[in-house]
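Single-letter residue listing:
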Amino acid sequence: MIAAAMPKTRIHEYRGGRIVVSYDVARCIHAKKCVHGLPAVFDPERRPWVNADGAEPERIAEVVVRCPTGALRFERTDGGAQEAAPEVNTVTVAENGPLYLSGDLEIRMPDGEVRRENRAALCRCGASANKPYCDNAHAEIGFRDAGGLGQVKLAPAASEDAGDGAAPLAVKPSPNGPLAIAGPLELRAAAGGAGARGSRGALCRCGASANKPFCDGSHAAIGFEAD
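In this text, all values refer to a predicted model and were calculated from it rather than measured experimentally.

**Student:** Break down the overall build of the protein for me, citing the residues and quoting the values.
**Tutor:** For the protein, the helix and strand inventory stands at four helices and nine strands. Moving toward the C terminus, one meets the helices and strands of the protein in the order β-β-α-α-β-β-β-β-α-β-β-β-α. Whereas a compact globule of 227 residues would reach a radius of gyration of roughly 17 Å, the protein reaches 18 Å, a difference of no more than 12%. Of all 227 residues assigned to the protein, the portion counted as buried reaches 48%. Once local pairs closer than 6 in sequence are excluded, the contacts in the protein between residues at least 24 apart make up 58%.

Encoded structure:
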């Protein structure tokens, strides 16, 4: 039985002359796209580890948006462009890892708060202590899944423009159950390829489904508990 968990947040801000970088510690799973992308700004061996004056703000913003979890964000204070939602809402199933979401996202928290985001990594192994977000628990428990699309169970879109991000993608964790998603989206396998388009579905977050990434009711059989 997996114990319920409330989302955590511990945000640090790093202010430069023209840009502010924020870092949510609880959502970082060390993808290291920031460290490899711009080591002059992001250096975990340095304190503070983010130097918001270490590069041009355009370059910092470019690297921040590569963070797949949304742990890193930025705010331009010099009148420069802020982060915009991608034109297509996507859900990518990571091999042995989380669901990576990108687009115009509306994520509903257990307390009813709706968070508007552009990037997020959501738990699908069932073990995160920061649900619905991933906290790297999949690595600790040895979660294994190739990141395929299984038997696709997405409701068809109303039009051919299912991936058009003009409409938001609503994500709602069902109590003790799956992630309910509603809105135009493109679902992508870890290995890439064409993926699948649709407008509604239920994605496993207990880790036990035999039809990952889709829910098959296994959460009830294993006594999964999560808000």
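**Student:** Tell me about the side chain of Ser128, and please be specific about residues and values.
**Tutor:** Here Ser128 lies in the loop between strand S6 (114-122) and helix H3 (137-141). Ser128 sits in the buried class, given a relative accessible area of 2%. At 2.9 Å, the side chain of Ser128 and the backbone nitrogen of Asn130 are in polar contact. Separated by 3.5 Å, the side chains of Ser128 and Asp135 make a polar contact.

**Student:** Tell me about the sheet that holds strand S1 (residues 11-15), and name the residues and values.
**Tutor:** In a beta sheet, neighbouring strands are held together by backbone hydrogen bonds and run either parallel or antiparallel to one another. Spatially, the three strands line up as an open sheet ordered S1-S2-S3, and their pairing is antiparallel. The sheet is open, and its two edges are formed by S1 and strand S3 (72-76), each paired on a single side. Averaged over all neighbouring strand pairs, the angle between strand axes comes to 20°, with direction disregarded. Bridge count for S1 against strand S2 (residues 19-24) is five bridges, and the pairing is antiparallel. Of the residues in S2, the one forming a bridge with Arg15 is Val20. Sheet strands touched by helix H2 (residues 57-64): S2 and S3. Its angle to S3, the strand with the most contacts, is close to 150°.

Here is what the cut-offs are and how they apply
Residues numbered from 1 in each chain as written. Predicted model: local features only at pLDDT ≥ 70, side-chain atom pairs only at ≥ 80, totals over all residues. Heavy atoms only, no water. Helix = DSSP H or I, 4+ residues; strand = E, 2+ residues; numbered from the N terminus. Rg over C-alpha atoms; globule rule 2.2 N^0.38 Å. Buried < 20%, exposed > 50% of the residue type's maximum accessible area, 1.4 Å probe, protein only. Contact = heavy atoms within 4.5 Å. Polar contact = N/O pair within 3.5 Å; in protein donor to acceptor, adjacent residues only side chain to side chain. Pairing = 2+ DSSP bridges. Axes fitted to C-alpha atoms, helices over the stretch in contact; angles between N-to-C directions.

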